[in-house]
Amino acid sequence: MSDSEPEAMAEADGVPSTKLPPHLELRRTRVLCKVDAPDNTDTIQYSGAYASLGHENSLRFADFCKDFRVDITRISDDDMEFDVVSVDPSIANAFRRILLAELPIMAIENVLIANNTSVVQDEVLAHRLGLIPIKVDPRLFDYLSENDTPNEKNTIVFKLHGSEFLKTYESLTSTSKPETYTSFTCSQDSMPEFAGNPIRVYPDIIISKLGFGQEIELEAHAVKGVGKTHAKWSPVATCWYRMLPEVELMEEIEGEKADVLKQKCAAKVFEIEDLADGKKRATVARPRACTLCRECIRDGEDWEKAYILTLS
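Conventions and cut-offs
- Residues numbered from 1 in each chain as written.
- Predicted model: local features only at pLDDT ≥ 70, side-chain atom pairs only at ≥ 80, totals over all residues.
- Heavy atoms only, no water.
- Helix = DSSP H or I, 4+ residues; strand = E, 2+ residues; numbered from the N terminus.
- Buried < 20%, exposed > 50% of the residue type's maximum accessible area, 1.4 Å probe, protein only.
- Contact = heavy atoms within 4.5 Å.
- Salt bridge = Lys/Arg side-chain N within 4 Å of Asp/Glu carboxyl O.
- Phe/Tyr/Trp six-rings, centres within 6.5 Å; stacked < 30°, edge-to-face > 60°.
- Core = buried A, V, L, I, M, F, W, Y, C linked by side-chain atoms within 4.5 Å.
- Pairing = 2+ DSSP bridges.
- Axes fitted to C-alpha atoms, helices over the stretch in contact; angles between N-to-C directions.
- Disulfide = S-S within 2.5 Å.

1. A word on the environment of Q188
Alright, step 1. Along the polypeptide, Q188 turns up in the loop between β7 (156-160) and β8 (200-201).
Alright, step 2. What makes Q188 buried here is its relative accessible area of 8%.
Alright, step 3. For the pair Q188 and K153, spaced 35 residues apart in sequence, the C-alpha to C-alpha distance is 8.6 Å.
Alright, step 4. Excluding its chain neighbours within four sequence positions, the residues that come into contact with Q188 are F141, E152, T155, I156, F194 and I199.

Structural data, given as structure tokens:
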């Protein structure tokens, strides 16, 4: 469907898209935060909700593609914060669920334990190993099916205290190559696709504390999977969203009242601006930091009318 077709469909239906009055547009696109509780929390999805005012309220794909964007506000090695603009909260929640359950990563699936004299049982040890995050690009690996042999294209092998595990020790007496659980033709460190994406694990993650004379010898196989199969394949420890807070002053707050407002806000949303005539007034400096505690509007009707707290 071309971008011009949805517009033609709207005109053919006889419902041209016009702007709503400001008070209705506010209620359509914002959640109002009152003293006692948020107001207008439901999204209006019915296409003909404002037909009598000449406004087309249906969600059209062309408009979604034009208005939708993702703005990254903060990113580090461990977390990322971004804004999803011009989407319904249900769509934002769908993105959250996709991040948790649909994106593939590598995680330890099979653990071959040869010796474990620690206080941690074998099954608990295997479970802990599976939850260790592995820093590697999963796009470099294939999925491992039941009929596939683990190799350098679909498996990462980690070892503790030993060499490659044999399936049977009887093969040691054979003249042919010993049969192992994996079939690697080369080390992944020697493959060119891993030159810029080395396989790493996060340091300082305690698996087990060993006492004197205790030891662990094992081989762990990491394969590709998604979070809906098991939580160990979830690429994020947690993923959550919130609606963007907006703080708008409806009147000038000056003098001692400005100082009171700044002290009331534990999130430090407001700052004091010095004016040329020696006076001072409150300004909204960090609206993103607002936690919607609503302490700033609890001390009487005058404070509640001074500004509007909304979620977009």
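2. Focus on the pattern of salt bridges
Where charged atoms from two side chains of opposite charge come close, those side chains can pair.
Alright, step 1. Inspection of every chain in the model, using the stated rule, returns 19 salt bridges.
Alright, step 2. Taking the shortest distance from any N to any O, the salt bridge between E273 and R281 comes out at 3.1 Å.
Alright, step 3. You can call R281 partly exposed: its relative accessible area is 25%.
Alright, step 4. In this structure, a network of salt bridges that share partners links the residues R74, D79, E81, D83 and R288.

3. Quick look at the packing of aromatic side chains
Alright, step 1. By the definition in use, this model includes two aromatic pairs.
Alright, step 2. An angle of 15 degrees between the planes, with centres 5.2 Å apart, marks the rings of F64 and F68 as stacked.
Alright, step 3. By relative accessible area, which is 25% here, F64 ends up partly exposed.
Alright, step 4. Judged by relative accessible area, F68 falls into the partly exposed class, the value being 25%.
Alright, step 5. Seen in terms of ring centroids, F68 and F95 are 6.0 Å apart; in terms of plane orientation they differ by 50 degrees. Their pairing is tilted. Of this pair, F68 sits in the loop between α3 (61-67) and β3 (69-75) while F95 sits in helix α4 (residues 89-101), placing them 27 residues apart in sequence.
Alright, step 6. A relative accessible area of 31% means that F95 is categorised as partly exposed.
Alright, step 7. What links up through ring pairs into an aromatic cluster is the set F64, F68 and F95.

4. Overview of the nonpolar core
General note: in soluble globular proteins, nonpolar side chains tend to be found buried as a group.
Alright, step 1. I253, L261, F270, C296 and Y307 are the most contacted members of the largest nonpolar core, which totals 18 residues.
Alright, step 2. It is strand β13 (residues 307-311) that contributes the most residues to this core, three residues altogether.
Alright, step 3. The contacts of Y307, once residues within four sequence positions are left out, are E248, L249, M250, I253, L261, C296 and I297.
Alright, step 4. Within the second largest apolar cluster, 17 residues are counted, among which are M191, F194, I216 and A220.

5. Description of the environment of N93
Alright, step 1. With respect to the helices, strands and loops of the structure, N93 is situated in helix α4.
Alright, step 2. Judged by its relative accessible area of 24%, N93 falls in the partly exposed class.
Alright, step 3. Residues N93 and C239, 146 residues apart in the sequence, show an inter-C-alpha distance of 9.7 Å.

6. Notes on the sheet that holds strand β5 (residues 105-116)
Alright, step 1. With antiparallel pairing, the three strands of this open sheet are ordered in space as β5-β9-β7. This sheet does not close on itself; its edge strands, each paired only once, are β5 and β7. Neighbour-to-neighbour, the strand axes of this sheet turn through a mean angle of 20 degrees, independent of strand direction.
Alright, step 2. As paired strands, β7 and strand β9 (residues 216-225) are joined by five bridges and run antiparallel to one another. Each residue of the ladder has a partner; that of F158, found in β9, is A220.
Alright, step 3. Strands β5 and β9 of the sheet are contacted by helix α5 (residues 122-130), whose axis makes an angle of about 150 degrees with β5.

7. Points about the sheet that holds strand β10 (residues 245-249)
Alright, step 1. Taken together, the four strands give an open sheet; going across it, the order is β2-β1-β13-β10, and neighbouring strands pair in antiparallel fashion. Only two strands of the sheet have a single neighbouring strand rather than two, namely β2 (38-39) and β10.
Alright, step 2. By the bridge criterion, two bridges tie strand β1 (residues 31-33) to β2 in an arrangement that is antiparallel. If you follow C33 over to β2, its bridge partner there is P38.

8. Focus on the environment of L112
Alright, step 1. Here L112 shows up in strand β5.
Alright, step 2. With 109 residues separating them along the chain, L112 and H221 place their C-alpha atoms 8.4 Å apart.

9. With respect to the pairing of strand β12 (residues 280-284)
Along any regular strand the residues' side chains alternate between the sheet's two faces.
Alright, step 1. Two strands pair when backbone bridges link them, and strand β11 (residues 270-274) and β12 are joined in this way by five bridges, in the antiparallel orientation. Across the sheet, F270 pairs through a bridge with V284, a residue of β12.
Alright, step 2. Hairpin remark: β11 followed by β12, antiparallel, with five residues in the connecting loop; positive phi at G278, about 90 degrees.

10. What to know about the state of the cysteines
Alright, step 1. Counted under the stated rule, the structure contains zero disulfides.
Alright, step 2. Unpaired in terms of disulfides, C293 finds its nearest cysteine sulfur in C265, a separation of 6.1 Å.
Alright, step 3. According to the relative accessible area criterion, C293 is partly exposed, its value standing at 34%.
Alright, step 4. In this structure C296 is not part of a disulfide, and its nearest cysteine sulfur, from C293, lies 6.3 Å away.
Alright, step 5. Of the residues examined, C296 reaches a relative accessible area of 9% and is grouped as buried.

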